[in-house]
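Structural overview for review
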Amino acid sequence: MAKPVSIEVWNPNGKYRVVSTKPMPGTRWINLLIEQDCRVEICTQKKTILSVEDIIALIGDKCDGVIGQLTEDWGEALFSALRRAGGTAFSNMAVGYNNVDVKAANKYGVAVGNTPGVLTETTAELAASLSLSAARRIVEADEFMRAGLYDGWLPHLFVGNLLKGQTVGVIGAGRIGSAYARMMVEGFKMNLIYYDLYQSTRLEKFVTAYAEFLKSTGEKPVTWKRAASMDEVLREADVISLHPVLDKTTFHLINKETLSRMKKEAILVNCSRGPVIDEVALVEHLKENPMFRVGLDVFEDEPYMKPGLADMKNAIVVPHIASASKWTREGMATLAALNVLGKIKGYPVWSDPNRVEPFLNENVRPPAASPSIVNAKVLGLPVSKL
Ligand SMILES: NC(=O)C1=CN([C@@H]2O[C@H](COP(=O)(O)OP(=O)(O)OC[C@H]3O[C@@H](n4cnc5c(N)ncnc54)[C@H](O)[C@@H]3O)[C@@H](O)[C@H]2O)C=CC1
Ligand SMILES: O=C(O)C(=O)CO
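Definitions and limits used
- Residues numbered from 1 in each chain as written.
- Chains lettered and ligands numbered in written order.
- Predicted model: local features only at pLDDT ≥ 70, side-chain atom pairs only at ≥ 80, totals over all residues.
- Heavy atoms only, no water.
- UniProt positions renumbered as here; feature names shortened; annotations may be inferred.
- Helix = DSSP H or I, 4+ residues; strand = E, 2+ residues; numbered from the N terminus.
- Salt bridge = Lys/Arg side-chain N within 4 Å of Asp/Glu carboxyl O.
- Buried < 20%, exposed > 50% of the residue type's maximum accessible area, 1.4 Å probe, protein only.
- Near = heavy atom within 4 Å.
- Polar contact = N/O pair within 3.5 Å; in protein donor to acceptor, adjacent residues only side chain to side chain.
- Areas by Shrake-Rupley, 256 points an atom, 1.4 Å probe, with all protein chains shown as cover.
- Nonpolar A, V, L, I, M, F, W, Y, C, P; charged D, E, K, R; others polar.

Looking up the protein chain in an unreviewed UniProt entry gives the name glycerate dehydrogenase, with the organism given as Castanea mollissima. The UniProt entry for the protein chain carries the following text under Pathway (unreviewed entry): "Photosynthesis; photorespiration; 3-phospho-D-glycerate from glycine: step 3/4." Per UniProt, the comment on the protein chain under Subcellular location (unreviewed entry) is "Peroxisome".

See the structure below:
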């Protein structure tokens, strides 16, 4: 049995016990829960990644719902413990839920929530930042300045790539991939090639309309293409950004072979999940191709990097911060809390998880619904008519 963990308690007399495995930004999420008769317990233990045993200890004998984190392993052991404690509600504070065994949740009748939409633009902006930083060698140049090495302007100093007129490739053009594509097309006048299992009609219409606008002002129009295969993107794009979900079809999508099809001076950005890239193969590729650059927010074995990666000047690495804007993180906390609350209170599930704005308006009471439950259909949960 794990040692007892330190917790902060809000509204001790609340009827429903809701546990959050981490302190989360803002207070709106706490207020929304306590207003609806929840006792909120927040784990304040100074340990970044909680083990399954730690979380079982947190769940205890009576628990109605848990808000968890993407670093935790939500499978058979945790869902059975939650069910034994009388709980039927769980939400990841994340849109990605590859850390959750949804089949195990289904087995115990536990609803699994996630937090789509509120992090789309913030995550796309970080992908755009990594693309720019790699293209213009910003991190290398910053290190050079701080090391006192700058002794005057030189024609060859930190020469990088101009994005305008180049091709941006997006793999996984869902919410975030499409938002990133729009930023790169509109912001830098890049042409677009994308690969997704589904057609992104809205994205195509956006680029078409922008191309028309450019034409009308006498500028060269941008173009778009939906690639028939990922290979087409790899061969044609100058900057490639990865935004698919992580599942069996996307594990090591980028590996030794697929890397070899990319342009020698391409830029690769990953703000999806680390295992989408075979990181060992990537380190080799970076060594062999010094003009190839990469911007990584996520890693195969987080929090670790594969040997050699930290030494590569042509890699920019940041610690999984793509969704880290204040508004987004507070919104993620709100959506996660409302997912759990909605299930506890027997509210229906919001009909469109791509349209979660009504839950995020601080001045208005949120709709009586769970914003996004990924196994709602399997559990036969009712859908909101609002
Ligand atoms: N680094 C970070 O902090 C963050 C990472 N993420 C990651 O980004 C992912 C995407 O998020 P959203 O855009 O909101 O999800 P989404 O569901 O809107 O988009 C994912 C897209 O990937 C596509 N896809 C699935 N399998 C594919 C395949 N084999 N090849 C090509 N495309 C494929 C889907 O059709 C879909 O369009 C999340 O699942 C999460 O893992 C999300 C937010 C922040
Ligand atoms: O939401 C996610 O999936 C993240 O990775 C963190 O925002």
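As a further point, take the UniProt feature "domain: D-isomer specific 2-hydroxyacid dehydrogenase NAD-binding" (unreviewed entry) in the protein chain. Here, the residues flagged by UniProt with the feature "domain: D-isomer specific 2-hydroxyacid dehydrogenase NAD-binding" (unreviewed entry) are residues 130-322. Between the end C-alpha atoms of residues 130-322 there is a gap of 10 Å, over a span that is 35% helix and 15% strand.

All told, the structure shown has 21 salt bridges when counted by the stated rule. In this structure, Lys189 and Glu219 form a salt bridge, with 3.4 Å as the shortest nitrogen-oxygen distance. Taken together, the residues Lys189 in the loop between helix H7 (175-188) and strand S8 (191-195) and Glu219 in the loop between helix H8 (201-216) and strand S9 (224-226) connect sequence positions 30 residues apart. Take Lys189: its relative accessible area is 26%, and that puts it in the partly exposed class. When its relative accessible area of 31% is taken as the criterion, Glu219 is described as partly exposed. Between Asp231 and Arg235 there is a salt bridge, and its shortest N-O distance comes to 3.7 Å.

Let us look at the site of ligand 1. Of all residues adjacent to ligand 1, which total 26 residues, the nearest are Arg175, Ile176, Asp196, Cys271 and Asp297. Between Gly174 and ligand 1, the recorded distance is 3.4 Å, taken from a backbone N or O atom to an oxygen atom. Protein contacts shield 89% of the accessible area of ligand 1, which totals 870 Å² for the unbound molecule. Looking at side-chain class alone, the shell around ligand 1 contains 12 nonpolar, 10 polar and 4 charged residues.

Near ligand 2 the following residues occur: Leu70, Ala94, Val95, Gly96, Leu119, Arg273, His320, Ser323 and Met332. The contact in question runs from an oxygen atom of ligand 2 to an N or O atom on the backbone of Gly96, over 2.9 Å. Summarising the interface, the protein chains cover 90% of the accessible area of ligand 2, which totals 230 Å² for the free molecule. Tallied by class, the residues present in the shell around ligand 2 amount to 5 nonpolar, 3 polar and 1 charged.

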